[in-house]
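Here are the chains, one letter per residue:
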Amino acid sequence: MNKHSFNRILRWPLLVTLLFPLTLFSAEEKPPAMAEMWEVIVDGKNTEDFEKAFKKHMQVRTKKGDPRQWHVYTPHTGDNMNSYFIRYCCFKWPERDAYAKWSKDTEIGKDWQKGPGKFAKGYSHHYSWIDHENGNWPNDGKAFQFVGVRTYKIKQGGNASDSIKEISKLAKDMGWDERWGWSYSVTGPSTVSLVFPFENFADMSPASPSFSEKAAKHLGSKEKAEEVFDRFSSSFKGSFYTIYNYRGDLSSKMDK
């Protein structure tokens, strides 16, 4: 089963930021791990200079003992191709206070401003909750060249949390062995994102049998599978899909 088949079967159009509203969790649920992401917008004529300065800035962070391993992504598809997405996962709110203190004590912001910050023409900043329970993303250190993100717009009053639990349980119960992750926005519009990693372009190719075929076989009929897909789709009012390059050359070194 291929990632795109999963998207197609659930009637989603063709995949951080990886965001969901906290209010989607029921009262007895605890929010999962949190991620933080900065988007830095750079004029196209300055991208080479920005990247050179960014690499030097990351070296300074390493020397100053940055406790975070930042991952950097750039768009492969879409309209805003001059953005850099700088993301860290995962932490709890109290840990953010400690990181703010580290940033202040080391004055790392000053190095940013005199380095890559000179080429930034705009920023955005967001937090998101990562739903590890309903995802399937083993922490085995496997490298990926691309990340596909399908972001869903949540209907007012939609039961997105239960729908995600149901479709994820189905995928796991029927032995769908692809990797995927879910993310809820804490800031910004009410959205939820489904994330797939890809090793290369070939990894994006559809596979057989499809997700719908495996679901129908597992549940005993095509009609039962369609009911699950319909319940999922009813929670959302549209989606968009973006593919990102993982920029290992700009990201924090993993051997720190």
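Residues numbered from 1 in each chain as written. Predicted model: local features only at pLDDT ≥ 70, side-chain atom pairs only at ≥ 80, totals over all residues. Heavy atoms only, no water.

**A look at the pairing of strand 4 (residues 120–136)**
To keep things clear, this is the line we draw: Strand pairing follows a simple DSSP-based rule, namely that at least 2 bridges must link the two strands. Helix and strand definitions follow DSSP, with helices as H or I runs of at least four residues and strands as E runs of at least two, each counted in order from the N terminus.
Taken together, the 10 bridges between strand 1 (residues 33–42) and strand 4 define a ladder with antiparallel strand orientation. Bridge pairing in strand 4 places Ile41 opposite Gly122. The pairing of strand 4 with strand 6 (residues 180–185) spans five bridges and is antiparallel. When the sheet's bridge partners are listed, Asp131 is paired in strand 6 with Trp182.

**Observations concerning the nonpolar core**
Using the following cut-off: Buried Ala, Val, Leu, Ile, Met, Phe, Trp, Tyr and Cys residues that are joined via side-chain atoms within 4.5 Å together make up what is termed a nonpolar core. Between buried and exposed lies partly exposed: a residue is buried under 20% and exposed over 50% of the maximum accessible area for its type, with that area taken using a 1.4 Å probe on protein chains only. For this analysis, residues touch if any pair of their heavy atoms sits within 4.5 Å.
Counting 49 residues, the largest nonpolar core has Phe50, Phe54, Ile167, Leu170, Trp182 and Phe211 as its most contacted members. Here this core gets five residues from one element, more than from any other, and that element is helix 5 (residues 160–173). Contact partners of Leu170, with chain neighbours within four places excluded, come to Phe211, Ala215, His218, Leu219, Val228 and Phe229. Ranked by size, the runner-up nonpolar core spans seven residues in total, among them Met37, Val147, Val149 and Val195.

**Overview of the packing of helix 5 against helix 6 (residues 211–219)**
Put simply, the test is: Every angle, taken between N-to-C directions, lies between 0 and 180 degrees, and every axis is a line fitted to C-alpha atoms, over only the stretch in contact when it is a helix. What sets the label is the angle itself: under 35 degrees gives roughly parallel, over 145 gives roughly antiparallel, 65 to 115 gives roughly perpendicular, and the rest give oblique. By the convention adopted, Pro, Cys, Tyr, Trp, Phe, Met, Ile, Leu, Val and Ala count as nonpolar, Lys, Arg, Asp and Glu as charged, and the other residues, Gly among them, as polar.
For the pair helix 5 and helix 6, interaxial distance at closest approach is 10 Å and the crossing angle is 80°. The pairing of helix 5 with helix 6 is recorded here as roughly perpendicular in orientation. Contacts from Ile167, Leu170, Ala171 and Asp173 of helix 5 reach helix 6 at Phe211, Ala215, His218 and Leu219. When the residues that make up the contact of helix 5 with helix 6 are grouped by side-chain class, the tally is six nonpolar, one polar and one charged.

**Observations regarding helix 7 (residues 222–233)**
Here is the rule we go by: In a helix, the anticipated span is given by 1.5 Å times the number of residues less one. Our arc is simply the arc of the directions from the helix axis toward the C-beta atoms.
For helix 7, built from 12 residues, the straight-helix expectation of 16 Å at 1.5 Å per residue is met to within 8% by its first-to-last C-alpha distance of 16 Å. Within the span of helix 7, buried status applies to Ala225, Val228, Phe229 and Phe232. Each buried residue of helix 7 lies within a common arc of 95° when the element is viewed along its axis, so the set occupies one face.

**Overview of the packing of aromatic side chains**
In plain terms, the rule: Each aromatic pair joins two rings of Phe, Tyr and Trp (for Trp, the six-membered one) with centres within 6.5 Å, and gets the label stacked for planes under 30 degrees apart, edge-to-face for over 60, and tilted for any other angle. We count a charge as sitting over a ring when the NZ of a lysine or the CZ of an arginine lies within 6 Å of the ring centre and within 35 degrees of the ring normal.
Per the stated rule, a full pass over the model turns up 22 aromatic pairs. An angle of 90° between the planes, with centres 6.0 Å apart, marks the rings of Phe54 and Trp112 as edge-to-face. Of the two residues, Phe54 sits in helix 2 (residues 47–63) while Trp112 sits in helix 4 (residues 108–114), which places them 58 residues apart along the sequence. Considered together, Phe54 and Trp112 belong to a single accessibility category, that of buried residues. Clustering of aromatic rings is evident, with ring pairs tying together Trp70, Tyr88, Phe91, Tyr99 and Trp102. The cationic tip of Arg68 hangs over the ring face of Phe91; the distance from NZ or CZ to the ring centre is 4.7 Å. Above the plane of the ring of Tyr99 lies Arg68, whose end atom (NZ or CZ) is 4.1 Å from the centre.

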